Amino acid sequence: MLGALALPMLSTAPASAAPAAATIVAPCPDLPPLPYTVHASAVTIRSKATTKSTAVGVLYKSHKFTVHRKSGNWLYITDKTTGVKGWVSGTYVYRDVRMCLD
């Protein structure tokens, strides 16, 4: 025979309880933006901003690169290691955002 299981009673705060003080997080305008980084083991550099275009190089996670412009989700870059210029997908290459507590 199974005995009864006793569960503790949980209480909730009334609906009129004031919320805790919120911390405001905002971009840091006085600091330079973070550099772009590769967030995959490798990304194909392409001649045009499309996956069907010719591959002209590979951008590895450790490579340094310069972003010249954006077109939709594509970035036109120069690989500083090899000098290759082309387009990479913003799905794998992006800039982390620095946030400051106010």
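Nothing here was measured: the structure is a model prediction, and the numbers come from that model.

This part covers the overall build of the protein chain. Check the secondary structure of the protein chain and you find 0 helices and 9 strands. Ordered by position from the N terminus, the helices and strands of the protein chain form the series β-β-β-β-β-β-β-β-β. A buried classification covers 24% of the 102 residues belonging to the protein chain. Sequence-distant contacts, at least 24 apart, represent 48% of the contacts inside the protein chain between residues at least 6 apart. Put simply, the protein chain shows about 7,900 Å² of open surface, and 59% of that area lies on carbon and sulfur atoms.

Core analysis: the largest hydrophobic core is formed by 11 residues, namely Tyr36, Val38, Ala40, Val43, Ile45, Leu59, Phe65, Leu75, Ile77, Val88 and Val93. Looking at this core, the elements that each hand over two or more residues are strand 2 (36–38), strand 3 (42–46) and strand 6 (74–79). Ignoring anything within four residues of it in the chain, the contact list for Leu59 reads Val38, Ala42, Val43, Ile45, Phe65, Ile77, Asp79, Val88 and Val93.

What follows deals with the environment of Val93. Along the chain, Val93 falls in strand 8 (residues 93–95). Setting aside residues up to four positions removed in sequence, Val93 forms contacts with Tyr36, Thr37, Val38, Val43, Leu59, Phe65, Leu75 and Val88.

Its place among the elements puts Ser89 in strand 7 (residues 85–89). A relative accessible area of 13% places Ser89 in the buried class. Once residues lying within four places of it in the same chain are set aside, the contact partners of Ser89 are Val43, Asn73 and Trp74.

On to the layout of surface pockets, then. Considering only enclosed or pocket space, the largest pocket measures out at about 240 Å³ in volume. The wall of the largest pocket is formed by 13 residues, among which Pro35, Tyr36, Thr37, Lys64 and Phe65 lie closest to the centre. For the lining of the largest pocket, the secondary structure elements donating two or more residues are strand 2 and strand 5 (65–71). Class assignment of the residues belonging to the lining of the largest pocket gives a composition of 5 nonpolar, 4 polar and 4 charged.

Basis of the calculations
- Residues numbered from 1 in each chain as written.
- Predicted model: local features only at pLDDT ≥ 70, side-chain atom pairs only at ≥ 80, totals over all residues.
- Heavy atoms only, no water.
- Helix = DSSP H or I, 4+ residues; strand = E, 2+ residues; numbered from the N terminus.
- Buried < 20%, exposed > 50% of the residue type's maximum accessible area, 1.4 Å probe, protein only.
- Contact = heavy atoms within 4.5 Å.
- Areas by Shrake-Rupley, 256 points an atom, 1.4 Å probe, with all protein chains shown as cover.
- Core = buried A, V, L, I, M, F, W, Y, C linked by side-chain atoms within 4.5 Å.
- 1 Å grid on protein atoms, 1.4 Å probe; cavity = no way out; pocket = protein on both sides within 12 Å on 5 of 7 lines; lining within 4 Å.
- Points joined across faces, edges and corners; volume = space filled by probe spheres on them.
- Nonpolar A, V, L, I, M, F, W, Y, C, P; charged D, E, K, R; others polar.

Take it as geometry only, folks, not as evidence of what the structure does.
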